[in-house]
Amino acid sequence: MRTYDVAVAGASVAGCSAAILLARQGLSVALLERSPDPGAYKKLCTHYIQSSALPVIERLGLAPLLEEAGAVRNAIDVRTRWGWVREPAAEAGRPAHGYNVRRATLDPLLRGLAARTPGIDLRPGHTVTGLLGERGRVGGLRAQDASGAAVDFAARLVVGADGRFSRVAELAGIEGRASPNGRFFYLAPYRGLTPPDGRSRMWFLEPDIAYTFPNDDGITVVAVAPAKARLETFKADREGAFARFVRALPDGPDLDRAVRAGPMMGFVDWPNLARAPVQAGLALVGDAALSVDPVWGTGCAFAFRSADWLAEQAGPALAGAGGAAALRAGLGAYARRHRAELAGHALHIRDFAAGRPWRWPERLLFSAAALDESCARDLFAYAARNIGLARFAAPPALLRAVRVNLAHRLRQGGPRRRAGAPALP
Ligand SMILES: Cc1cc2nc3c(=O)[nH]c(=O)nc-3n(C[C@H](O)[C@H](O)[C@H](O)COP(=O)(O)OP(=O)(O)OC[C@H]3O[C@@H](n4cnc5c(N)ncnc54)[C@H](O)[C@@H]3O)c2cc1C
């Protein structure tokens, strides 16, 4: 048995990020990944990475690698019942963009970066099957290697970065709190759909949702998230229903001039899932801690950012001389940070996932964003998770939205769209 400072289960977005940021603090890290394939990647993802992840992506040294690989700096326009709302340039001091990058590109790049980081012992083909430890404190991971042999990795801190169906959480007895999702989801990649402006698009059809995301290698992902009332139609003829749905989108993509570049994938039921992010000697990051409805495209950013918060809070405790008490305090600080940063977002995402009619603050804020650039700027800062719900829907923001809408009404019958809003091809 080898002993490390940290043992991480899962070498995808959250696991590689946590491993790199912890190893850079001088810690030894075992990074265990179930897949033996260096090119393995998560298939079920539309990979719109929100700009709130950009500071972590840059700190990791990943940004130049993504740029070189052709990742698209993203910006998005959203279609609402009030017309198109174009994402304006970000306010100074906020991240300027996120990335659209296929997971087939992102995951191997990130894993390669981890493999080259001194201090990380990357073990592909190692499936975590058990936890080490005693008296209620986790003290390492047991894995099965490609030959079927059990290998133990003792560690002062275990990190569960093994995704939504986290085996680590299950072994530790950390139960997920689930809440229902009223939509299902299908996505398919296409060539020949990259719009001239390279921008992503999202349609809020209340309650149905759709997107187009241009990515690296000329691939545009088309995705639909209809309310479950439409499920039977999709079950009867998935391809046909998908094509009809996309063709009916206002200003939608022209599938007739596109070539399908891969299989259609999706889910019919994806409840929101949250778990307590720490236990003695153990932290969960990424989807293992919080896996919410993907319609807002927040999962990768939450994975990058939660890994960063863990490294920031627990890394110094492991690197210093404070021992178990310091690590306990560091893990407590990580749990508080996770809650402070993500609980408000998770609350709104869970509520919206029901597919219910829009609430009045949503109607007020979205309609104002279609008319006024500073309202639009805050809407996109919120959607990218650069500001929280408490700020986005604060009384001054709601009052400003009322003023914007009233001024528009007083102007009587003028165009509903904000001046300069895009006329889409
Ligand atoms: C339909 C859909 C669309 C989405 N679209 C977006 C989007 O546009 N933007 C966005 O930001 N997010 C999106 N997401 C969410 C995003 O995919 C996840 O939030 C993200 O992948 C979480 O990263 P992670 O590292 O926590 O987990 P994962 O990426 O799931 O990685 C878990 C890793 O752990 C490994 N593993 C699992 N079990 C074990 C084990 N026992 N032992 C060892 N290794 C193990 C796996 O092989 C994998 O490498 C979408 C999700 C879905 C379902």
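Shown above is the structure to which this text applies.
Residues numbered from 1 in each chain as written. Predicted model: local features only at pLDDT ≥ 70, side-chain atom pairs only at ≥ 80, totals over all residues. Heavy atoms only, no water.

**Let's talk about the overall build of the protein chain**
Then, number 1: Helix and strand content of the protein chain: 13 helices and 22 strands.
Then, number 2: Taking 425 residues into account, the globule formula puts the C-alpha radius of gyration at 22 Å, and the protein chain, at 22 Å, falls close to it.
Then, number 3: By principal-axis analysis of the C-alpha atoms, the protein chain measures approximately 75 × 45 × 40 Å.
Then, number 4: Counting the 425 residues in the protein chain, one finds 55% classified as buried.
Then, number 5: Sequence-distant contacts, at least 24 apart, represent 75% of the contacts inside the protein chain between residues at least 6 apart.
Then, number 6: As displayed, the protein chain has an accessible area near 17,400 Å², and 55% of this comes from carbon and sulfur atoms.
Then, number 7: Of note, the protein chain has its 55 positive side-chain charges centred 4 Å away from the centre of its 39 negative side-chain charges. (Helix = DSSP H or I, 4+ residues; strand = E, 2+ residues; numbered from the N terminus. Rg over C-alpha atoms; globule rule 2.2 N^0.38 Å. Buried < 20%, exposed > 50% of the residue type's maximum accessible area, 1.4 Å probe, protein only. Contact = heavy atoms within 4.5 Å. Areas by Shrake-Rupley, 256 points an atom, 1.4 Å probe, with all protein chains shown as cover. Lys, Arg positive; Asp, Glu negative; His and termini not counted. Charge placed at Lys NZ, Arg CZ, Asp CG, Glu CD.)

**Remarks on the sheet that holds strand β4 (residues 72–74)**
Then, number 1: Pairing in this open sheet of three strands is antiparallel, and the strands run β3-β7-β4 from one edge to the other. Since the sheet does not close on itself, it has two edges, and those belong to β3 (48–49) and β4, each with one partner.
Then, number 2: Bridge count between β3 and strand β7 (residues 98–100): two bridges; the pairing is antiparallel. Each residue of the ladder has a partner; that of Y48, found in β7, is N100. (Pairing = 2+ DSSP bridges.)

**Thoughts on the packing of helix α1 (residues 13–23) against helix α8 (residues 299–319)**
Then, number 1: Here α1 crosses α8 at 30°, and the two axes come no closer than 8 Å. In terms of their interaxial angle, α1 and α8 are classed as roughly parallel. The interaxial crossing formed by α1 with α8 has right-handed handedness. Contacts from V13, A14, S17, A18, L21 and L22 in α1 reach C300, A303, F304, A307, D308, A311 and G315 in α8.
Then, number 2: Class assignment of the residues belonging to the contact of α1 with α8 gives a composition of 10 nonpolar, two polar and one charged. (Axes fitted to C-alpha atoms, helices over the stretch in contact; angles between N-to-C directions. Parallel < 35°, antiparallel > 145°, perpendicular 65-115°, else oblique. Left-handed = near helix turned anticlockwise from the far one by under 90°. Nonpolar A, V, L, I, M, F, W, Y, C, P; charged D, E, K, R; others polar.)

**Examining unusual backbone geometry**
Then, number 1: Residue P207 is bonded to the preceding E206 through a cis peptide linkage, with omega at 10°.
Then, number 2: Of note, P207 is situated in the loop between β14 (200–204) and β15 (209–214).
Then, number 3: With a phi close to 45°, E206 is a non-glycine residue in the positive phi region.
Then, number 4: Overall, the relative accessible area of 27% leaves E206 in the partly exposed class.
Then, number 5: A positive phi angle, close to 60°, is found at D251, a residue other than glycine.
Then, number 6: Tracing the backbone shows D251 in the loop between α7 (238–247) and β17 (259–260).

Such coordinate-based values are descriptive only and should not be taken to indicate function.
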